[in-house]
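A closer look at the structure
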Amino acid sequence: MYKVIDKQTAKHYFWGDNCDSWILSDSEELSIKQESMPSHTKEKLHFHTQAQQFFFILKGTATFYLNDSIEIIGEQKGLLINAKTKHYIANESDEVLDFLVISQPTTNNDRTTI
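Residues numbered from 1 in each chain as written. Predicted model: local features only at pLDDT ≥ 70, side-chain atom pairs only at ≥ 80, totals over all residues. Heavy atoms only, no water.

1. Here's the deal with the sheet that holds strand E3 (residues 31-37)
- Reading across from one edge, E1-E2-E3-E11-E6-E9 is the order of the six strands in this open sheet, with antiparallel pairing throughout. Two strands in the sheet have a free side with no partner beyond their single neighbour: strand E1 (11-15) and strand E9 (78-81). Within the sheet, the average angular offset between the axes of one strand and its neighbour, ignoring direction, is 25°.
- Relative to strand E11 (residues 97-104), E3 runs antiparallel, the two being bridged by seven bridges. (Pairing = 2+ DSSP bridges. Helix = DSSP H or I, 4+ residues; strand = E, 2+ residues; numbered from the N terminus. Axes fitted to C-alpha atoms, helices over the stretch in contact; angles between N-to-C directions.)

2. Focus on unusual backbone geometry
- Here the bond from glutamine 104 into proline 105 is cis, since omega is -10°, no more than 30 degrees from zero.
- Topologically, proline 105 is positioned in the loop between E11 and strand E12 (112-113).
- Backbone geometry places histidine 40, a non-glycine residue, at a positive phi of 60°.
- Position of histidine 40 relative to the elements: it lies in the loop between E3 and strand E4 (41-42).
- Positive phi outside glycine occurs at glutamine 76, with the angle close to 65°.

3. Regarding the packing of aromatic side chains
- Counting across every chain of the model gives four aromatic pairs.
- Judged by centre distance (6.4 Å) and plane angle (25°), the rings of phenylalanine 54 and phenylalanine 56 are stacked.
- Look at phenylalanine 54 and you get partly exposed, because its relative accessible area is 31%.
- Assessed through its relative accessible area of 22%, phenylalanine 56 is described here as partly exposed.
- Measuring from ring centre to ring centre gives 5.0 Å for phenylalanine 55 and phenylalanine 64, while their planes differ by 70°; the resulting arrangement is edge-to-face.
- Looking at phenylalanine 64, the relative accessible area reads 0%, which means it is buried.
- A connected cluster of aromatic rings, assembled from ring pairs, spans Phe55, Phe64 and Phe99. (Phe/Tyr/Trp six-rings, centres within 6.5 Å; stacked < 30°, edge-to-face > 60°. Buried < 20%, exposed > 50% of the residue type's maximum accessible area, 1.4 Å probe, protein only.)

4. Brief notes about the pattern of salt bridges
- Using the criterion set out here, one finds one salt bridge in the structure.
- Close ionic contact of arginine 111 with glutamate 43 constitutes a salt bridge, the shortest N to O distance being 3.4 Å. Here arginine 111 is found in the loop between E11 and E12, whereas its partner glutamate 43 is found in the loop between E4 and strand E5 (46-47), with 68 residues between them in sequence.
- In this structure arginine 111 comes out as partly exposed when scored by relative accessible area, which is 40%.
- Given a relative accessible area of 13%, glutamate 43 falls into the buried group. (Salt bridge = Lys/Arg side-chain N within 4 Å of Asp/Glu carboxyl O.)

Here you go:
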């Protein structure tokens, strides 16, 4: 059976400093979330032992801190982060940041905060 899912029907939770996450799909093999970060928020530096993650920016500009580098990604662009890469995403702008994060396999029980 097929099920249409969107932000109104997806499971929702808050993370970080009043950031939103909607779980669009979550299985052992794959996680897809739509997330929103208010201006001037960031997550904590961390890494995933197993999961690779693809971030796709829907609205706004994301700043990614990756090991010893910084990548700034704008709307309609994406970034693949390999497993074991120390990273975090930040919204350093005055606008809301909306993005998709696709993790393979899921990041459940696979996150080490530094």
